[in-house]
Amino acid sequence: MNQNNKIIQAKNLIFAVAAIIVLIPYQNCARFESKSMETADFSSLSNQLIAGETYVPVSAPRKVDSITTGGQVAMSLVSALGVNGDRVAKVVNSSYAESTGYLPLILLSEYGTYDSVTPAHLNATSRVAQSACQQLVGVQELNLLKYDNVAKKIVDDRRHFRGILMGTETSAVTLRTYLDASQNTGEVVSNLHPDGAYSADVRYINSIRSLARALWGREATEAEISLILQKVKALQALPANAANARIGYRSAIFICTSMASTFDSLRR
Amino acid sequence: MGGYMSHIRNITTIAFIILFSSLSLAQTVRYSPEQCKEDLKQVLSPEIKTARKIFLTLTGMSIPYCDERLKKMERLIKTGQPREAARVATADPLFYDIRVRDMATRWCHLDESVRNEINDCVAMVVGGMRDGMDIRNILTGNYHYEVDLEKVKVVNGSYPRYSPASNDHFAAIPRNGLSMFYTLKSFPYQKIADPAIEGATKTLEDPAGLISSRGFLSAHAVAGTNRRIVEKTFKEFLCTPIQELADNSLPDIYVGRDVDRAPAGDPQKYNVTCKSCHAPMDSMRGAFAYVDYSMNSGSIVYTKGTVRNKYVRTGISGHDTTSDKFDNLATVGANATRFAWSGPTSGNGMGQFSRMIAGSKAFSHCMVTNVYKTVCGADPAPEHKQLIDTLANDLDNAPVRDLRAIFERISLRPECVGQ
């Protein structure tokens, strides 16, 4: 029993360290608001009053970013990602660590503010993100890419990972044949998938762009796309053995978790 | 044979009806995120980005641009109706389940942290706000909220029943993934455990809104001397910590016998330090003379006409509490303008005490400050005084003091969301 506990503790430690090492470089993603975040002028919006309300001139505009509890972050992630049904409660209630308590009640920054996040909070945050992405990729989106034998068409109802083979789809070989434009070109192939024929890179880029809008509220920059894609390609270059099977699945989990763990995804 | 088949058909139909109504009921007790697909070819307009920012500010939640709520808000902003756009967010379950809950959780727990469980006190705020209640009712109302068991039985058949002697009923809300917006149901009267009959409940004779809720009193009336109830009421609902309430010029006629008049043998210390806080605080703690919280039973104890033992001390001279009378001394000097009391400042019991608090101008001011803190993630800066004062005045002058209007106005202010 003790031996088992030690093994579990060791695994947790390895995961914690690995999560920080993998995710810290991506904290520079989405760190600063770009021009694509431009919004309407709040000064004019705040002056539109209704009966009985008094005008107040604007003084000392400011925005304080906050990050509060694991529960709120988890809810926000499932909301942005579109994790649905019973899976919402699974993500929100997923236990971070028995020793630190019930996830929804854990603060994910020292003082509840954006600039008081420590590496320990980052680790907790990546666990929340991992849990949400696990539900999104591994449960919800996984089987939404199919080949319809009757209509002779590919049906793709995924929200974020359209056209990405995750390894367990039925008729995976057929799907791969028709999805990858590098193997098949021409009009017939284009007609098979709702989005037409397009390369694996484009599929990943579209996933990153879709997640950037949902999680960050803005378009991903070229530099951000390139950085994430670089890591995805590194995953795909791993030797094809049993341990590295389901590269598409692992890539999707990586994209989702790394983007969901960034500050722009977390701050309020 | 035909009759038998017809019977089978009827049973099957009834089974389907039960199944589908159960499924649709399950959808109305939990938050269900939008399942739309982002159109990457669509250029994001400044108005839809503004809509997302307002929604995020008011709910604390990110939603995708393809979500119908954002599209509706975008249309309203484009047609010059930003308040209507903000109202889309304040009508959303997430606003109540996240932002309003966070604000209430700070009021209802000892450590004022959002990291605490939902309790009856939090549910009273969330339910009341959802139902459009005048915010003064959180201190003056005689009501409570429970989870509607009819709605949640499809999710969890063994959901803990409401009890004034336990918090299990409310703690189970997040654990079952339930939304308070969908499941809370209002009931008249506040309840406490009936000590005469095990497992029975009775109506609380001196209700005082949140102040007489199990959550608030379990945090502040447990053990001690009931002074903390006064201290926390001033802190949470008048935004006045005890250091600011302190007034050395007040007479110590109500300071209890348990306060040493010469701590460490130094009467000067009592006169300069101790009396400043105890004079105003002790003048009001009489309101809670019949109230206690029992750790053993897990319930509020109320003994009308009998002062609780925690008030009774012998020995050194000082004020003896003999009833639930209170006489607010924080009505002169700096405190007179600070609180701007508008009704009686003396009376009997928790109910009259809490009506005094809710009737002051400081209460509206504090509610606006709390909204700012909840939505904007920080206390207002000194430069924001005019904003807070004006919003508080507008709240005071509104026919129904609905705090949601303040949430909406603050979510549109550059002082909160930036330029």
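Look up a bit, the structure's there.
Residues numbered from 1 in each chain as written. Chains lettered and ligands numbered in written order. Predicted model: local features only at pLDDT ≥ 70, side-chain atom pairs only at ≥ 80, totals over all residues. Heavy atoms only, no water.

A. Spotlight on the overall build of chain B. When helices and strands are counted, chain B shows 20 helices and eight strands. Oriented by its inertia axes, the alpha-carbon framework of chain B measures out at about 90 × 65 × 35 Å. Here chain B holds 419 residues, and the buried ones make up 56% of them. Residue pairs in contact within chain B that sit at least 24 positions apart in sequence constitute 66% of those at least 6 positions apart. Of the roughly 17000 Å² that chain B leaves accessible, carbon and sulfur atoms contribute 53%. (Helix = DSSP H or I, 4+ residues; strand = E, 2+ residues; numbered from the N terminus. Buried < 20%, exposed > 50% of the residue type's maximum accessible area, 1.4 Å probe, protein only. Contact = heavy atoms within 4.5 Å. Areas by Shrake-Rupley, 256 points an atom, 1.4 Å probe, with all protein chains shown as cover.)

B. Main features of the nonpolar core. Residues and elements named next belong to chain B. Judged by nonpolar contacts, the single largest core of 161 residues is most densely connected at I138 and F237. No other element matches the nine residues that helix α5 (residues 93-108) contributes to this core. Dropping the residues within four chain positions of it, F237 is found in contact with W107, I138, L139, L210, I211, F216, K232, I357, A362, F363, C366 and M367. (Core = buried A, V, L, I, M, F, W, Y, C linked by side-chain atoms within 4.5 Å.)

C. Inspection of the pattern of salt bridges at higher detail. By the definition in use, this model includes 35 salt bridges over all chains. Measuring nitrogen to oxygen at the nearest pair gives 3.8 Å for the salt bridge that ties E38 of chain B to R213 of chain A. Separated into two different chains, E38 of chain B in the loop between α1 (2-27) and α2 (46-59) and R213 of chain A in helix α8 (residues 200-216) make up a pair that spans both. When its relative accessible area of 13% is taken as the criterion, E38 of chain B is described as buried. You can call R213 of chain A buried: its relative accessible area is 0%. Each of the salt bridges in this network shares a partner with another, and the network as a whole consists of E53 of chain A together with R83, E84, R87, D394, E408 and R409 of chain B. (Salt bridge = Lys/Arg side-chain N within 4 Å of Asp/Glu carboxyl O.)

D. Representation of the layout of surface pockets in the model. Residues and elements named next belong to chain B. The calculated volume of the largest pocket comes to roughly 690 Å³. If you trace the largest pocket, you find 26 residues lining it, with L238, C239, H365, C366 and T369 closest to the centre. When residues of the lining of the largest pocket are traced back to their parent elements, those giving at least two are α5, α12 (227-238), α15 (334-339), α17 (361-376) and α18 (385-397). Ranked by the residues each element gives to the lining of the largest pocket, the list is headed by α17, at six residues. Broken down by class, the residue content of the lining of the largest pocket amounts to eleven nonpolar, five polar and ten charged. (1 Å grid on protein atoms, 1.4 Å probe; cavity = no way out; pocket = protein on both sides within 12 Å on 5 of 7 lines; lining within 4 Å. Points joined across faces, edges and corners; volume = space filled by probe spheres on them. Nonpolar A, V, L, I, M, F, W, Y, C, P; charged D, E, K, R; others polar.)

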